[in-house]
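Here are the chains, one letter per residue:
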Amino acid sequence: MKKANFMKTLTLALALGLAASTCYAKPAFNNENVLNEYAKATMQRKAVALGYPCSQDLQLSGFYKWMLKHKLDTAMINNAGDPFTEHSHVNALKFEKDVLEYFAPKYGFAKEDMWGLISFSGTDGNNHGIYFGANYLKNLTKQNPIVYISKEAHYSNMRLCDLQNLEFKMIDTDRYGRMLPEAFEQALDPSRPALVVYAMGTTFKGAMDDQAKLNAIIAKKKPVAVYKHVDAALFGGYLPFTKMKSMVDKNVQNYDSIAVSGHKFLGLDEPAGLFLTTKEVLKKQKAFDIPYLNSEMPMINCSRSATAPLKLWWLINHGADERWTQEASEMLEITEWLCNELKSMNYPYFVGEASNTVYMKRPSMAIVDKYGLAMDYDKRLGGDLAHIIVMQHVNKKLLQQFLKDLQAEVSK
Ligand SMILES: *Cc1c(COP(=O)(O)O)cnc(C)c1O
């Protein structure tokens, strides 16, 4: 480079550097107020959060007191390894196993025939469901499966099929978000193993695929082999605690694995989930012998959270079963109440079976922002939509405030 050019480049670089340093304010890591303001704003926002499926009424204060009392906040506890084999190190695998055995019968798994883990999230549970399903089918048939999934299922399932390089078919839905049996029948290729992902609560409409109808189609067309994974991230949390528990019962629905989120209904403050399957499915996985863990590692992740299982164990030990039963019935009662209010206002709304998700004609952006509503669009239902998910913190008082805002807007 010539000297003149070099000087030009240098000047330009310096000027750009100067511009950059004036454009980007340095984060104020030395300022505690930044954190305090964030904390305050978060507490305000969470109190009126209507649009997302997380409980904002968490009951973990006692858990944190217990952690601090024993100085466990100074320990890195890591659940690397299979919760069903012994490892003696700094982990909480025993608690993970206990929690899984507590949940197993709620989904109709016999304790002896169940295998599972506390996952990182609903997505992670789906990742395991799709991965275990594909391996199971390949093991049985030496063929690659086709994944069938409804167009309105949670996007993670499509993302994961893509990630795992699996061929997948997205099946049309009815206007309420359920997989269309006719479309499924047409798409189902009996010459290839079928990995079906059933949505129990689609992302926006909270729709449940009709497993009985779809299973009847499978029985009729008889694909060479079948694996059924249920994505029940939200609904799978509360349904076991209601009269409708048979909807997530493996003995009734006959699925092979299920994924449930731990930070939705179950009330954890970190993303987590349950993944449950059978020993039969586990046996058909690829074995990777991991010398330093002295065992096989069937799961995808190595290090996993120990605090998520500890929190669930703590909750169960502090009356969660009764509380979840109570909360599930209150949520559905309030959902019905909200629907009746909207009906009496003549405001267009929809709600699926056993669902705590009420979707409606989208109000103004002011209301959408104020209550953190999630949005969607469906021409079949008149266009712009928004939904409210009635979680534990969503009480009638909060909804009355929302309805008042909505009424003011409608009568304008
Ligand atoms: C929330 C949700 C997911 C994603 O779960 P994460 O725990 O957020 O990863 C997947 N499927 C359904 C049906 C959901 O509601």
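Not measured: the values here are computed from a predicted model.

Definitions and limits used
Residues numbered from 1 in each chain as written. Predicted model: local features only at pLDDT ≥ 70, side-chain atom pairs only at ≥ 80, totals over all residues. Heavy atoms only, no water. Helix = DSSP H or I, 4+ residues; strand = E, 2+ residues; numbered from the N terminus. Buried < 20%, exposed > 50% of the residue type's maximum accessible area, 1.4 Å probe, protein only. 1 Å grid on protein atoms, 1.4 Å probe; cavity = no way out; pocket = protein on both sides within 12 Å on 5 of 7 lines; lining within 4 Å. Points joined across faces, edges and corners; volume = space filled by probe spheres on them. Axes fitted to C-alpha atoms, helices over the stretch in contact; angles between N-to-C directions. Parallel < 35°, antiparallel > 145°, perpendicular 65-115°, else oblique. Left-handed = near helix turned anticlockwise from the far one by under 90°. Contact = heavy atoms within 4.5 Å. Nonpolar A, V, L, I, M, F, W, Y, C, P; charged D, E, K, R; others polar. Phe/Tyr/Trp six-rings, centres within 6.5 Å; stacked < 30°, edge-to-face > 60°. Lys NZ or Arg CZ within 6 Å of the ring centre and 35° of its normal. Near = heavy atom within 4 Å. Polar contact = N/O pair within 3.5 Å; in protein donor to acceptor, adjacent residues only side chain to side chain. Areas by Shrake-Rupley, 256 points an atom, 1.4 Å probe, with all protein chains shown as cover. Pairing = 2+ DSSP bridges.

Visitor: Explain the environment of Leu163 to me, using residue names and the numbers behind them.
Guide: For Leu163, the location among the structural elements is in helix 6 (residues 155–163). What makes Leu163 exposed here is its relative accessible area of 61%. Residues Leu163 and Ala306 lie 143 residues apart in sequence; the distance between their C-alpha atoms is 26 Å.

Visitor: Break down the layout of surface pockets for me, with residues and values.
Guide: Considered as a void within the structure, the largest pocket measures approximately 410 Å³ in volume. Arg178, Met208, Asp209, Asp210 and Glu353 are the residues nearest the centre of the largest pocket, which is lined by 23 residues in total.

Visitor: Hey, could you go over the packing of helix 3 (residues 61–69) against helix 12 (residues 307–317) for me, with residue numbers and the actual values?
Guide: Interaxial distance between helix 3 and helix 12 falls to 10 Å at its minimum, and their mutual angle equals 120°. In this view, helix 3 runs oblique relative to helix 12, as classed from their interaxial angle. In this structure, the crossing between helix 3 and helix 12 has a hand that is right-handed. Taking contact as the criterion, the partners of Gly62, Phe63, Tyr64, Trp66 and Met67 in helix 3 are, on helix 12, Thr307, Leu310, Lys311 and Trp314. Looking at the contact of helix 3 with helix 12, its residues break down into 6 nonpolar, 2 polar and 1 charged.

Visitor: Could you give an account of the packing of aromatic side chains, with specific residues and numbers?
Guide: Evaluated as defined, the whole model comprises 22 aromatic pairs. For the ring pair Phe63 and Trp66, a centre distance of 5.8 Å and an interplane angle of 45° mean the geometry is tilted. A residue pair is termed a helical-turn pair when its members lie 3 or 4 positions apart in one helix, as Phe63 and Trp66 do in helix 3 at 3 residues. A residue is classified by how much of its surface remains accessible, and Phe63, at 0% relative accessible area, is buried. Both rings, one in Tyr371 and one in Phe402, keep their centres 5.5 Å apart while their planes meet at 90°; by these two values the pair is edge-to-face. A residue pair is termed long-range when its members are at least 10 positions apart, and Tyr371 in the loop between helix 14 (365–370) and strand 12 (374–378) and Phe402 in helix 15 (residues 396–410) qualify at 31 residues. Three or more aromatic residues link up through ring pairs in this structure, and these residues are Tyr102, Phe103, Tyr107, Phe235, Tyr238, Phe241, Phe265 and Trp324. Lys94 extends its terminal NZ or CZ atom over the ring of Phe95, reaching a point 5.6 Å from the ring centre.

Visitor: Which residues make up the site of the ligand, and what values do they have?
Guide: Taken together, Ser121, Gly122, Thr123, Asn126, His154, Gly201, Asp231, Ala233, Ser261, His263 and Lys264 make up all the residues around the ligand. Note that an oxygen atom of the ligand is positioned 2.9 Å from one of the side-chain N or O atoms of Lys264. Protein contacts shield 85% of the accessible area of the ligand, which totals 380 Å² for the unbound molecule. The dominant element in the shell around the ligand, judged by the number of residues it contributes, is helix 5 (residues 122–141), at 3 residues. Class assignment of the residues belonging to the shell around the ligand gives a composition of 1 nonpolar, 8 polar and 2 charged.

Visitor: How would you sum up empty space enclosed by the protein? Please name residues and give values.
Guide: Enumeration according to the criterion identifies 1 cavity of 30 Å³ or more in this entry. Volume-wise, the largest cavity comes out at about 60 Å³. Every residue lining the largest cavity is listed: Ser55, Asp57, Leu58, Gln59, Phe265, Leu266, Gly267, Leu315, Arg323, Trp324, Glu327 and Gln392. If one sorts the elements of the lining of the largest cavity by residue count, helix 13 (residues 320–344) sits on top with 3 residues. Grouping the constituent residues of the lining of the largest cavity by class yields 5 nonpolar, 4 polar and 3 charged.

Visitor: Got a sec to walk through the pairing of strand 2 (residues 146–150)? Specific residues and values, please.
Guide: On any regular strand, side chains alternate: one points to one face of the sheet, the next to the other face. Taking burial as the measure, the 5 residues of strand 2 include 5 buried ones, the bulk of the element. Along strand 2, one buried face is formed by Ile146, Tyr148 and Ser150 and the opposite face, lined by Val147 and Ile149, is buried too. Pairing analysis gives 5 bridges linking strand 2 to strand 3 (residues 167–171), with the strands arranged parallel. Across the sheet, Tyr148 pairs through a bridge with Lys169, a residue of strand 3.

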